Each structure stands twice: as C-alpha cells, then as structure tokens.
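Next come the chains, spelled out residue by residue.
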Amino acid sequence: MTVEVLAERGARARRDEEVDVVIVGAGPSGSVAALHLARAGISVVVLEQGEWPDYADYTGARPEHELVSTKLWHPNPNVRDNPNDYPVDTSTTDINPLMFAGVGGSATLYGAQWMHFLPSDFRVRSMDGVAEDWPFTYEDLLPYQLEIEREVGVSGLAGDPAYPPRGAYPFPALPMGSVGQRGALGMEKMGWHWWPGSNAIPSEKFGELNPCVRRGTCLTGCPEGAKSTTDRSHWPLALKAGARLVTRARVKEIETNEQGLATGVIYVDANGRDRRQRAKVVILCANGVGTPRLLLMSGGPRTPDGLANSSGMVGKRLMMHPFASVLASYQDPLDSWRGPFGQQVYSLEFYETDESRGFVRGSKWNCMPSGGPVGVSGATGSKVYVAESGRFQDFWGANLHENVARRFGHSLIWGIVGEDLPEESNQVVLSKDLVDSDGLPAPQIVYKVNENSNRLLKFNIDRCLESVRAAGAIETLVSTPVRESGWHLIGTTVMGDDPKRSVVDQWGACHDVPNLYVMDASTFPTSGATNPTATIMAVALRNTRRMIAERRNQKVA
Amino acid sequence: MSNENAFLALADFLIPAHGKMPKFSDVCGYADVEKSLDFRIDLKPGFARGIAVDPATGAEARLESLNKEDGEAFSAITTIAIATYYMSPRVRELIGYPGQENVPYDSKATQIYLTNGSLGQVVARGRKYRPTPGL
C-alpha cells in the first residue's frame, strides 16, 4: 500500500469525533509527535495547511533549475506566493522569516545541516550571565538526539572535539568534495577547528530515502528523495501506525471551554469550509511564527490578549539567527556546483563566549558550494542586487562574463550563523491589514538585529576573511546581515518554570491551558548558534514520550 | 521594433561577446526566451513593459531607465536574459557546466582527511566545548 493511499484513507475524523490528540503542522516536530503517539495506540489527527510534496516538481536535475527555483522554491513565502502559505508582513523587520507549508514543513527547503546544540547552549545564564538557562541539560536531551538521528538517517563522523563524546552516526559522512577540502585548508592554516559536515542526508539507502548523489540542490527540494524530510522519514511509518493526516487544512482557532481547557480546533478545509476537530489534547507544531500567530488569533472574550498568554510572552523573544555569508573564489577548480549543499565542513572555533571579543556567545560556520552560474554572477536578474549607489553595468556586459569566469566552479561560501539573544521587543504580532487567502490576519514581524549580533558578525567575518585568504582566495564577497536568512524561527512561546515569565513548562504544556502543548522551536529559551532542526525534533520526542508516560494523569476537558 | 528585436537588443547589451563567450543572440533565439517565460509566467507583465520602452532610445539608456523607474520590469528582463543564456548547451559547454549532475560515490571509501593527517591535527588541538556538569 502506498503512502498516498494510506494518507487519503479516512484521514478526516468523523463528524463530531473526538480524537485523543490533534496536531497542528506536519513538519519536523509534528511528524515526530504523530509517529510516536500513534505507535503508543493514541488516536491522532494532524492538520497541515500545505500539501504532500510532488518530487516531480523539484527542478534540480533540469536545465531550468536556476530560473524556476528562485520563484517556485524560494524560501520566502512572500516571494513564492503560494496560496497554501500565509503571507508575512515584513515591513518592520531587518530579517525576513523563511518557511514552507507542506508535509515535511520548512525542512522541505532546508540545507539539512544536522547539528546538536552544545552543552553551554543550555546554560547561558549560568555561564555567560545572559538570557536564561533551559529547564534541562545537554545530557538530558542527548538520548533523544541520538534516537532521532536514527529515525532521520543522518550521515556524519563522530569524534568532533567541539562536542562531548557521542556514539557513531547512522551513516558515514558524505564526501567532502573540493569545496570542503579548500574550506578545511583555510581553517587548518589558521589552526582553527573544522569538522566534516553532518547532514540529514543518508549516504546509503535508508527506508524511503535514497542515497545522496551530490546533486547540490538541497535548498530547493531534493529531486532524488535523498534529503531527509519527514514526508519520507516519518510519515510512511506514522500512517501505518494509524495516524491520520489532513492536508490543505488551515487551523484558524483553538477552542476552549469555560474551564479554560482546550477542546479542539477550527480549521478551514480545502474547499474553504470551516470544520471542527475535537480533541482531548492539542499540540501546536506550526513554527516560531505560525504558533504564536495561532495563539494570538485564538483570543476570545476570556483571553482577549491571546490564548495561553497571561504572561504576555506569546509572540515575544523572537530569535532568527542573524546570518552573514562570505563567498571566496580561488584560482583552482573546485567543481563548486556539486553537493552536498548544506555543509561539507563546519567550524565551531568561535562558538563559545570570549569576552575579549566585545560580545557574548558565538557562531557556527558551514562551508557550502556556491552553485550555478546565475547564482554566482551577482546579477541574478533582480534590482536588489544592484546597490543603491551602484551601477547595473557593474554586473553586466563584460563584467558578467568575468565575474562568472572567476567564480563559477571556483568558489565556496562560508555561512556564518550567529547566536541571537532573546529580546522582548523582537516579536510576532498580528498584522492589522494583511490577510492570508482565507482572510485570516497575517503575522507581522517586528525585529531588529541587536548590537551584540552586529559585533559578533563583524568579528566572525573578519576571521573568515583571514581563513579564506590563507587558503589562497583571489576574490571575496561579503553579505551581512543577509536579509533573506530567517530560517530559524525560535523563542516565541518560551518554556520555563515561572508562569508569569513563560508560556509553557519544560514539557511543552501551556501554563494557562494544561492540555494545550507547543512542540516546535517556539519554546526554546535561547537560540544556540547551530541549525536547530535536530534539537527541535529531539525536544519534540522528549515531550511526546513524557505525554505518553503521563497520559492517565493528563488533564482534559 | 518587434518584441523579438527589442528584447534581443537589450539582451545583447547585457550579455555581449567577450573573449571566448558569445553574445546572447549568437546562442539564444526568441523561442528560447518564450520558453523561459513559460517557466516564469509571473515575469511576463514586467517583461512586456520592459520591451515596450521607447525603441528610439539605446539599449543602455533603456535599461538605465527601467532600473530607476520600474524595478519589476528590469528584474524580469535581466532574469530572463541571464537564465536563458546559461541554459544554452553551447554556453554550458564553454564554461564547463554539466548542470546539477548526479555524482555517484562509494560511501565506504576512506576520506582523504583521515589519511593525510589533517583531521588528526584538529583532534590533537583538544577539546573545544565547555562542559556544564553541576550547572
């Protein structure tokens, strides 16, 4: 029986049927929760506003790839303009949030860089005197991290001295390629940390996942079915275990009773009709923008400031990881269109706090190929690539040919992810005038890159330029902070022990509504500086296991 | 001036012959341009405005005007020009681009960083993380 047949069979609950759990969102965290709840015999319905991915739509293997992917597979929903997404008001933010609605979630368009948070990420208050410690530790989460890696099919090499000892990865690391070797050479010349990339891309056949063939188009959907996304890693198993998945189902409200307990959700179905899904427990897995948006939309007469928001913290403390990139060109050929794209090498040299640098916390670097000729030209057809004071002629004519000759096949990109400290002024609110295709208020992002991040990025860019030049770079191009870089949406329903200062407890349960949970990165007290998907899925697994173990003690309506 | 001639004049200014590289119209016809537009129907309105600018003006002046006054049209013209050009098999051959190709490999092959000592130096430099027991 195919996944599609299973998915379509009786997905929607019968009229007025109450299920044990309804989950909003079929991305990384929602998929983990659905699989493990279903395996435990708990009835679960997942509502996903997007659709199943059609791998034939991924253009990576076709000549028109660079033309099509910059629209159809753009990570910014405002550019993609797909009615399954909701638009985002970005008029008040320095960084655009990036996301994708569909089975597999925003990971459909991620680079698959697979990194654990480090021990200090869970203890930033104790160690560095900023933000808050997490309610649990690196060691508490590690068993779940390793279990998720086996479910996802991660490739990598154990033994990295930037981490405490851990077990082997499920699959050998992907080939490093000339790009990774050149990136590593620069780090080695400087005597700095580097390590072969760990990626959520199996190097060998694994379940529904094919082995990576280094197509290099991870960021725009993998046509090989090799990049691990939960439509392939988790959903085939979840459906067989009995989970039900309803696509094109946009949740507009969480319903509660007079006792303040959740009773289910109202969603708009594919035909534009409102439907009710009753449930004993509601879990939100709609990302750091979608989850607070839904809570703010669910404020009724009893909760005019939004559901689960007695602390006033829903939507606040948004963190998006200010990001810089350094493109370096070399005389030697690097075959720099070949994958894996996400990270052939990473570095945690500047991850930990060193106060002499003038900022707290740190960064993670990942070394990536620079891609096809259109992308490296710097022209890319958009006016935004022409500086306000610049001339378009700088990117065209003979300059176009010379730029492409120097960069195409000869360049790499170091991406620099900086830890983003939480600030209440950085937040998600409801737009007063922008709405989605169902007329629901769009989220508005209010976000400024703070001074700590500006200093952090400048320091790291300077170090990165030293590294690439040590390896022989003949040209460098810096972009900072990259506006289209809000991949990591974190912190908007913060977890903590104090209901006056946090939205959920350490298990994701809302202080105000004990049968309403959040299991995406909204709950993270701090952002770390690594790509968060591994931690998102591990925290979701930890929460789900707790929910299963405590099911008889769960307070329900 | 026909649509075809109007666009090819702009495209040849943007992508002229240079060294071994041919100009746009040497390797791409208007049928290729229309095929690209079919992939990106969102660009068609801007493209139409871009090629409708007064043909009496030279290509550079027309592009300058579009860049200042109609960014969407400038973006449409330049996106279609560059993408169509680098889809050309002749151009790809000249720059050595096989496309985003499939590159089989042996997942169990020993990687060079394990045998040339480079990764060993990273390990030899010792622990990087800060332990947090008791915190």
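Everything quoted here is computed from the prediction, not taken from an experiment. (Residues numbered from 1 in each chain as written. Chains lettered and ligands numbered in written order. Predicted model: local features only at pLDDT ≥ 70, side-chain atom pairs only at ≥ 80, totals over all residues. Heavy atoms only, no water.)

### Considerations on the overall build of chain A
Moving on, step 1. Scanning chain A from terminus to terminus reveals 14 helices and 16 strands.
Moving on, step 2. Since a compact globule built from 557 residues should have a radius of gyration of about 24 Å, the 23 Å found for chain A is in line with a globular shape.
Moving on, step 3. In terms of its C-alpha atoms, chain A occupies a principal-axis envelope of roughly 70 × 50 × 50 Å.
Moving on, step 4. Counting every position in chain A, which comprises 557 residues, the buried fraction comes to 66%.
Moving on, step 5. Excluding contacts between residues fewer than 6 apart, the proportion of contacts in chain A whose partners are at least 24 apart in sequence is 74%.
Moving on, step 6. Accessible area for chain A stands at about 18700 Å²; split by element, carbon and sulfur atoms hold 48% of it.
Moving on, step 7. Of the side-chain charges in chain A, 56 are positive and 64 negative, and the distance between the mean point of each set is 3 Å. (Helix = DSSP H or I, 4+ residues; strand = E, 2+ residues; numbered from the N terminus. Rg over C-alpha atoms; globule rule 2.2 N^0.38 Å. Buried < 20%, exposed > 50% of the residue type's maximum accessible area, 1.4 Å probe, protein only. Contact = heavy atoms within 4.5 Å. Areas by Shrake-Rupley, 256 points an atom, 1.4 Å probe, with all protein chains shown as cover. Lys, Arg positive; Asp, Glu negative; His and termini not counted. Charge placed at Lys NZ, Arg CZ, Asp CG, Glu CD.)

### Details of the overall build of chain B
Moving on, step 1. Per the secondary structure count, chain B includes 9 helices and 0 strands.
Moving on, step 2. Each helix (α) and strand (β) of chain B, taken in turn from the N terminus, gives the series α-α-α-α-α-α-α-α-α.
Moving on, step 3. Radius of gyration (C-alpha) of chain B: 24 Å, far over the 14 Å computed for a compact globule of 135 residues.
Moving on, step 4. Overall, chain B is about 75 × 40 × 30 Å in size when its C-alpha atoms are taken along their principal axes.
Moving on, step 5. Scored against the burial criterion, the 135 residues of chain B give a buried share of 47%.

### Details of the interface of chain B and chain A
The accessible area lost on association of the parts is a frequent measure of interface size.
Moving on, step 1. Contacts between the two partners involve 57 residues from chain B, matched on the other side by 72 residues from chain A.
Moving on, step 2. Between chain B and chain A, the buried area comes to about 5600 Å², and carbon and sulfur atoms account for 63% of it.
Moving on, step 3. Of all residues in chain B, the largest losses of buried area upon contact with chain A belong to Gln-100, Tyr-105 and Arg-130 of chain B, amounting jointly to 15% of the total for that side.
Moving on, step 4. Our count for the chain B to chain A interface comes out at 6 salt bridges.
Moving on, step 5. Between Glu-349 of chain A and Lys-128 of chain B there is a salt bridge; the shortest N-O distance is 3.1 Å.
Moving on, step 6. Scanning the region where chain B abuts chain A turns up 23 residue pairs in polar contact (both at pLDDT 80 or more).
Moving on, step 7. Contributing elements (two or more residues each) for the side of chain B that touches chain A: α1 (3-14), α3 (30-39), α5 (59-69), α6 (71-87), α7 (89-95), α8 (112-115) and α9 (118-124) of chain B.
Moving on, step 8. Among the elements that make up the side of chain B that touches chain A, the one with the highest residue count is α6 of chain B (11 residues).
Moving on, step 9. Residues of the side of chain B that touches chain A, tallied by class, amount to 29 nonpolar, 17 polar and 11 charged. (Buried area = accessible area lost by both parts, 1.4 Å probe. Salt bridge = Lys/Arg side-chain N within 4 Å of Asp/Glu carboxyl O. Polar contact = N/O pair within 3.5 Å; in protein donor to acceptor, adjacent residues only side chain to side chain. Nonpolar A, V, L, I, M, F, W, Y, C, P; charged D, E, K, R; others polar.)

### Focus on α3 of chain B
Moving on, step 1. By the burial criterion, the buried members of α3 of chain B are Tyr-30, Val-33, Ser-36 and Leu-37 of chain B. The arc enclosing the buried residues of α3 of chain B, seen along the axis, measures out at 110 degrees, which places them on a common side. Exposed and oriented more than 90 degrees from the buried face of α3 of chain B are Ala-31, Lys-35 and Asp-38 of chain B.
Moving on, step 2. Those residues of α3 of chain B that are buried are in contact with α3 (65-72) of chain A together with α1, α2 (24-27), α4 (44-51) and α6 of chain B. (Arc of directions from axis to C-beta.)

### Quick word on the packing of α3 of chain B against α4 of chain B
Residues and elements named next belong to chain B.
Moving on, step 1. Where α3 contacts α4, the axes come no closer than 10 Å and their chain directions differ by 145 degrees. Residue-level inspection shows Tyr-30, Val-33, Leu-37 and Asp-38 of α3 in contact with α4, the latter providing Lys-44, Phe-47 and Ile-51.
Moving on, step 2. Residues of the contact of α3 with α4, tallied by class, amount to 5 nonpolar, no polar and 2 charged. (Axes fitted to C-alpha atoms, helices over the stretch in contact; angles between N-to-C directions.)

### Things to note about the pattern of salt bridges
Residue and element names in this part refer to chain A.
Moving on, step 1. This model, assessed by the stated rule, comprises 42 salt bridges over all chains.
Moving on, step 2. Here Asp-274 ties to Lys-252 by a salt bridge, and the two come within 3.0 Å at their closest N and O atoms. Of this pair, Asp-274 sits in strand β8 (residues 274-284) while Lys-252 is found in strand β6 (residues 250-256), placing the two residues 22 residues apart along the sequence.
Moving on, step 3. Classification of Asp-274 by relative accessible area gives partly exposed; the value is 48%.
Moving on, step 4. On the basis of relative accessible area, Lys-252 is assigned to the partly exposed category, the value being 23%.

### A word on the nonpolar core
Residue and element names in this part refer to chain A.
Moving on, step 1. By size, the foremost hydrophobic cluster in this structure holds 89 residues, and its most contacted members are Leu-47, Trp-194, Ile-254, Leu-284, Trp-414 and Leu-516.
Moving on, step 2. Top element by residues in this core is helix α13 (residues 451-470). It accounts for 7 residues.
Moving on, step 3. Not counting chain neighbours up to four residues away, the residues in contact with Leu-516 comprise Ile-254, Ala-262, Val-282, Leu-284, Leu-295, Leu-307, Ala-308, Gly-508, Ala-509 and Cys-510. (Core = buried A, V, L, I, M, F, W, Y, C linked by side-chain atoms within 4.5 Å.)

### Some details on the pairing of strand β14 (residues 441-447) of chain A
Residues and elements named next belong to chain A.
Moving on, step 1. Across the 7 residues that make up β14, a large majority, 5, are buried.
Moving on, step 2. As judged from the 3 bridges shared by strand β3 (residues 89-93) and β14, these two strands associate in the parallel manner. What sits directly across from Asp-89, in β14, is Gln-444.
Moving on, step 3. The sheet contact formed by strand β13 (residues 427-435) and β14 spans 5 bridges and is antiparallel. Bridging from a neighbouring strand, Val-428 pairs with Ile-445 of β14.
Moving on, step 4. The hairpin formed by β13 and β14 contains 5 residues between the paired strands, and Gly-439 there has a positive phi angle of roughly 80 degrees. (Pairing = 2+ DSSP bridges.)

### Details of the sheet that holds β13 of chain A
All names here are of chain A.
Moving on, step 1. Strand order in this open sheet of 3 strands is β3-β14-β13, and the pairing throughout is mixed. The sheet terminates laterally at β3 and β13, the two strands that pair on one side only. Pairwise comparison of adjacent strand axes, ignoring direction, gives a mean angle of 35 degrees for this sheet.
Moving on, step 2. Lying on the sheet, helix α10 (residues 287-297) is in contact with β13 and β14; it crosses β13 at an angle near 70 degrees.

### Digging into the sheet that holds strand β15 (residues 475-479) of chain A
All names here are of chain A.
Moving on, step 1. Reading across from one edge, β4-β10-β11-β12-β9-β15 is the order of the 6 strands in this open sheet, with antiparallel pairing throughout. Only two strands of the sheet have a single partner each, and these edge strands are β4 (195-196) and β15.
Moving on, step 2. Bridge count for strand β10 (residues 345-347) against strand β11 (residues 363-369) is 3 bridges, and the pairing is antiparallel. The residue bridging Val-345 from the neighbouring strand is Cys-367, located in β11.

### A look at the packing of aromatic side chains
For any pair of aromatic rings, the description consists of the separation of the ring centres together with the inter-plane angle of the planes.
Moving on, step 1. Under the counting rule described, the total for this entry stands at 29 aromatic pairs over all chains.
Moving on, step 2. Ring plane angle 80 degrees and centroid distance 6.4 Å describe the contact between Trp-194 of chain A and Tyr-113 of chain B, whose orientation is recorded as edge-to-face. On the criterion of chain membership, the pair formed by Trp-194 of chain A in the loop between α7 (177-190) and β4 and Tyr-113 of chain B in helix α8 is interchain, its members lying in two chains. The pair formed by Trp-194 of chain A and Tyr-113 of chain B is uniform in burial state, with each residue classed as buried.
Moving on, step 3. Members of the aromatic cluster, joined through ring pairs, are Phe-117, Phe-122, Trp-134, Phe-136, Tyr-138 and Phe-524 of chain A.
Moving on, step 4. Positioned above the aromatic ring of Tyr-169 of chain A, the side-chain terminus of Arg-166 of chain A is 3.8 Å from the ring centre.
Moving on, step 5. Here the basic side chain of Arg-463 of chain A rests over the ring of Phe-459 of chain A, its NZ or CZ set 4.7 Å away from the ring centre. (Phe/Tyr/Trp six-rings, centres within 6.5 Å; stacked < 30°, edge-to-face > 60°. Lys NZ or Arg CZ within 6 Å of the ring centre and 35° of its normal.)

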